[in-house]
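A look at the structure
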Amino acid sequence: AKPKVFIARKLPDEVVEKFKENMEITMWDSEEEPVDRTRLLQEAGQCDGLITMLTDRVDDELMDQGKKLKIIANMAVGYDNVDIQAADKHGIQITNTPDVLTETTADLTFTLLMAAARRIIEANEHIKEGKWENWSPLFMAGTDVHHKSIGIVGMGRIGQAVARRAKGFGMEILYHNRSRKEEAERELGASYHSFDDLLEKADYVVCLAPLTEETRGMFNQEAFKKMKSSAIFVNASRGALVDERALYEALVRGEVKAAGLDVFEKEPIDADHPLLGLDQVVCLPHIGSASTETRTAMMELCLENTWKVLNGEKPKTPVN
Ligand code: GLV
Ligand code: GLV
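Calculation criteria
Residues numbered from 1 in each chain as written. Chains lettered and ligands numbered in written order. Predicted model: local features only at pLDDT ≥ 70, side-chain atom pairs only at ≥ 80, totals over all residues. Near = placed C-beta within 6 Å. Nonpolar A, V, L, I, M, F, W, Y, C, P; charged D, E, K, R; others polar. Core = buried A, V, L, I, M, F, W, Y, C linked by C-beta atoms within 7 Å. Buried ≥ 20, exposed ≤ 12 C-beta atoms within 10 Å, placed from the backbone. Helix = DSSP H or I, 4+ residues; strand = E, 2+ residues; numbered from the N terminus. Domains from an automatic or database assignment. Contact = placed C-beta atoms within 7 Å. UniProt positions renumbered as here; feature names shortened; annotations may be inferred. Pairing = 2+ DSSP bridges. Axes fitted to C-alpha atoms, helices over the stretch in contact; angles between N-to-C directions. Right-handed = clockwise from strand over helix to strand, strands pointing away.

- As recorded in an unreviewed UniProt entry, the chain goes by D-glycerate dehydrogenase and comes from Thalassobacillus devorans.

Below you can see the structure in the form of structure tokens.
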């Protein structure tokens, strides 16, 4: 019999179709809504492989159900929703989707930086609300991007792809990372800084570090106080790296000039979230990797990883 695989979201049939030759695939029936916890637990108990989303909690309870579960392919580069220790304990292979989303996510990160700097959303709303009455010397004047300094916190693949874009804008590239990235230093002229030093020096502070116990809440009140009052903060990794209340207060007090946020502590955010009320904040609904090409590539990578493991081969992008 073919191995059984459950996908925790409705994916396009044309993407899934070609994998049905080798696997018996069922899917959750909604594209928008995450799978019911009960259904996910039940499927874990019956399947050989699961494909999960960043909205699913992949924990010990779930893996404990999976008596014959061999692989969980998480459709994201980040895997903070997955308990890796529990996966090791249960002998379950976890995979993620690096590489295929690097350039797309870097595009979005740089878009967010530019939109916050040049007040793109604010200006767009102004004109659409019929408020454009005149040209004036400092009307909608923003902040330059070119030849400023960018401080990248988390110099992984995406961080380095953002740095390549920044280099094209003549920016000075500072970075902070757990380990030195000599290639980026050599090829992009990026300079390594301690976290505090980067916060003090960078005109743009861009968060691309993964969410771990060490990075949780690292952008707190103290961090925002260290930044220049002209600094623009961008977060395209995970919301929980940021203390949102501290960011809100820093923006209101003018300790930080503006922000571009693709991710939030709790997603989706409520319509009355305080950060939504600030003109100098650009908010996006977690769309870093959301191009049709890249999301399709991520789905295919999950399906390929799943089939490889169920066929006794090594997955392309293992996490554990
Ligand atoms: C999205 O946030 C991802 O981790 O791929
Ligand atoms: C992290 O894994 C990245 O791709 O930057």
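Thoughts on the site of ligand 1
- Around ligand 1, a shell composed of L54, A76, V77, G78, L101, G288 and S289 is seen.
- Of the residues assigned to the shell around ligand 1, the class counts are 4 nonpolar, 3 polar and no charged.

Some remarks on the nonpolar core
- Among the nonpolar cores identified, the biggest contains 55 residues, and L113, A116, V162, V206, I232, V234 and A259 are the most heavily contacted of them.
- Looking at which element gives the most residues to this core, the answer is helix α5 (residues 102-117), with 8 residues.

Digging into the domain arrangement of the chain
- On domain assignment, one finds that the chain holds domain 1 (4-98 + 292-310) and domain 2 (102-283).
- Taken together, the contacts link 4 residues of domain 1 with 6 residues of domain 2.
- A breakdown of the residues in the side of domain 1 that touches domain 2 according to their chemical character gives 1 nonpolar, 2 polar and 1 charged.

What about the UniProt feature "domain: D-isomer specific 2-hydroxyacid dehydrogenase NAD-binding" (unreviewed entry) in the chain?
- UniProt's entry tags residues 111-288 with the feature "domain: D-isomer specific 2-hydroxyacid dehydrogenase NAD-binding" (unreviewed entry), counted in the numbering of this structure.
- A distance of 10 Å separates the end C-alpha atoms of residues 111-288, which is 32% helix and 15% strand.

Observations regarding unusual backbone geometry
- The omega angle of the peptide bond from E267 to P268 is -10°, so this bond is cis rather than trans.
- Mapped onto the fold, P268 is located in the loop between β11 (258-261) and β12 (281-283).
- A positive phi angle, near 65°, is found at D99, a position not held by glycine.
- Positionally, D99 belongs in the loop between β5 (93-95) and α5.
- The exposure class of D99 is partly exposed, given the 13 C-beta atoms found within 10 Å.
- For M140, which is not glycine, the phi torsion reads 55° and is therefore positive.

A look at the UniProt feature "domain: D-isomer specific 2-hydroxyacid dehydrogenase catalytic" (unreviewed entry) in the chain
- If you check UniProt for "domain: D-isomer specific 2-hydroxyacid dehydrogenase catalytic" (unreviewed entry), the listed places come out as residues 5-320 in our numbering.
- The annotated region residues 5-320 carries 35% helix and 14% strand content, and the separation between its end C-alpha atoms amounts to 20 Å.

Examining the sheet that holds β11
- Read across the sheet, 7 strands follow the order β8-β7-β6-β9-β10-β11-β12 without closing on themselves; strand pairing throughout is parallel. The sheet is open, and its two edges are formed by β8 (191-192) and β12, each paired on a single side.
- Looking at chain direction, strand β9 (residues 204-207) and strand β10 (residues 232-235) are connected through 4 bridges and run parallel. Residue pairing across strands places V205 opposite F233, the latter belonging to β10.
- Its contacts with the sheet put α5 on β9, β10, β11 and β12, and the angle it makes with β10 is roughly 150°.

Let's talk about the pairing of strand β4 (residues 71-74)
- The side-chain alternation of β4 yields two buried faces, one formed by I71 and A73 and the other by I72 and N74.
- Of the strand pairs in this sheet, strand β3 (residues 49-52) and β4 are connected by 4 bridges, and their pairing is parallel. Counterpart to L50 in the pairing with β4 is I72.
- What joins β3 to β4 is helix α3 (residues 60-65), and the crossover it makes is right-handed.
- One ladder, built from 3 bridges, connects β4 with β5; its direction is parallel.

Focus: the sheet that holds β5
- One open sheet accounts for 5 strands, arranged β2-β1-β3-β4-β5; its pairing is parallel. The two strands at the open ends of the sheet, each matched to only one other strand, are β2 (24-27) and β5. Here the strands of the sheet are splayed against their neighbours by 15° on average, with no regard to which way each runs.
- Sheet analysis places strand β1 (residues 4-7) next to β3, joined by 3 bridges and oriented parallel. Bridge assignment links V5 to a residue of β3, and that residue is G49.

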